[in-house]
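Single-letter residue listing:
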Amino acid sequence: MKGKGINRVPFFPSMTGYVRAVNVAAVCFLLLTLQVHTLTVSSESMEECFFIKDGTELSIRWTHSVENEDWEETFLMEQDKIRLINTRFKTFGAGVPNDIGTETYVKDGWVYMEGISRNIGEQLIVRTGDRTNHRLRIGNREQLDLASGEAFKIAGKDISLLSMLVRNTIK
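As the structure is a computational prediction, the values presented were derived from the model and not from experiment.

Chemist: Describe the confidence of the model for the protein, with residues and values.
Modeler: Here the protein averages 83 in pLDDT, and 88% of its residues register 70 or above. Mean pLDDT across the elements of the protein bottoms out in helix α2 (residues 161–170) (68) and peaks in strand β8 (residues 123–127) (95).

Laid out in structure tokens, this is it:
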């Protein structure tokens with residue numbers, strides 16, 4: 001009567017439950033301890049986090065309040081440091097240096113200043129005006145419109161993977 005009516009009982013009857021518990025604990029441990037590099041944009045009314053890697057470019061574009069023309073500055077995120085690498089604008093006016101960076105040229109109606117390499121520090125503070133229409137571009141994928149009349153803090157920050165997932169799920 002081989003195999004008929006005989007139920008095999010595993011040697012460790014709770015082993016499947018034990019393995020699941022260990023796997024769940026390992027995943028929870030990783031979610032809590034694994035740090036991801038983010039770019040955090042915050043003001044009194046909001047906070048957004050974006051996954052970034054070292055070397056990510058971000059740019060801030062706005063309408064100059066006096067000239068009523070667009071200006072744009074591009075920054076490089078290196079570890080937790082922010083560095084200004086170039087700027088471009090439509091009109092060359094008072095207060096604008098003429099020899100910053102390694103190259104200045106005019107193209108398609110824009111004045112470009114490249115090769116600036118100015119260290120900003122660990123955070124960049126941007127104050128938006130009522131009619132300045134500030135936009136933040138992160139890499140080539142994200143654009144965030146910054147609300148008018150607020151101060152924004154832009155900084156690199158390492159946070160747990162769980163925190164990042166929770167922040168992006170709650171939105």
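Alright, that's what it looks like, and here's the rest.
Chemist: Please provide a residue-by-residue account of a nonpolar patch on the surface, values included.
Modeler: There is a patch of nonpolar side chains on the surface, built from Tyr-18, Val-19 and Val-22 and spanning about 280 Å² of accessible area. Of the residues examined, Val-19 reaches a relative accessible area of 40% and is grouped as partly exposed.

Chemist: A description of the side chain of His-134 should follow, citing residues and the corresponding values.
Modeler: Along the chain, His-134 turns up in the loop between β8 and β9 (135–138). Judged by its relative accessible area of 6%, His-134 falls in the buried class. Side chain to side chain, His-134 and Thr-132 meet in a polar contact 2.8 Å long. Aside from chain neighbours lying at most four places away, what touches His-134 is Ile-60, Arg-61, Trp-62, Val-126, Arg-127, Thr-128, Gly-129, Leu-144, Asp-145 and Leu-146.

Chemist: An account of the sheet that holds strand β2 (residues 47–51) is requested, with residue identities and associated values reported.
Modeler: Sheet architecture is open: 4 strands sit in the order β2-β1-β11-β8, paired in antiparallel fashion. The sheet is open, and its two edges are formed by β2 and β8, each paired on a single side. Each adjacent strand pair in this sheet contributes to an overall mean axis angle of 30 degrees, direction not counted. Note: β8 against strand β11 (residues 151–160), 5 bridges, orientation antiparallel. The partner of Gln-123 across the bridge, within β11, is Ala-155.

How each quantity is defined
Residues numbered from 1 in each chain as written. Predicted model: local features only at pLDDT ≥ 70, side-chain atom pairs only at ≥ 80, totals over all residues. Heavy atoms only, no water. pLDDT = per-residue confidence, 0-100. Helix = DSSP H or I, 4+ residues; strand = E, 2+ residues; numbered from the N terminus. Patch = residues over 30% accessible without salt bridge, like charges linked within 9 Å, V, L, I, M, F, W, Y side chains within 5 Å. Areas by Shrake-Rupley, 256 points an atom, 1.4 Å probe, with all protein chains shown as cover. Salt bridge = Lys/Arg side-chain N within 4 Å of Asp/Glu carboxyl O. Buried < 20%, exposed > 50% of the residue type's maximum accessible area, 1.4 Å probe, protein only. Polar contact = N/O pair within 3.5 Å; in protein donor to acceptor, adjacent residues only side chain to side chain. Contact = heavy atoms within 4.5 Å. Pairing = 2+ DSSP bridges. Axes fitted to C-alpha atoms, helices over the stretch in contact; angles between N-to-C directions.

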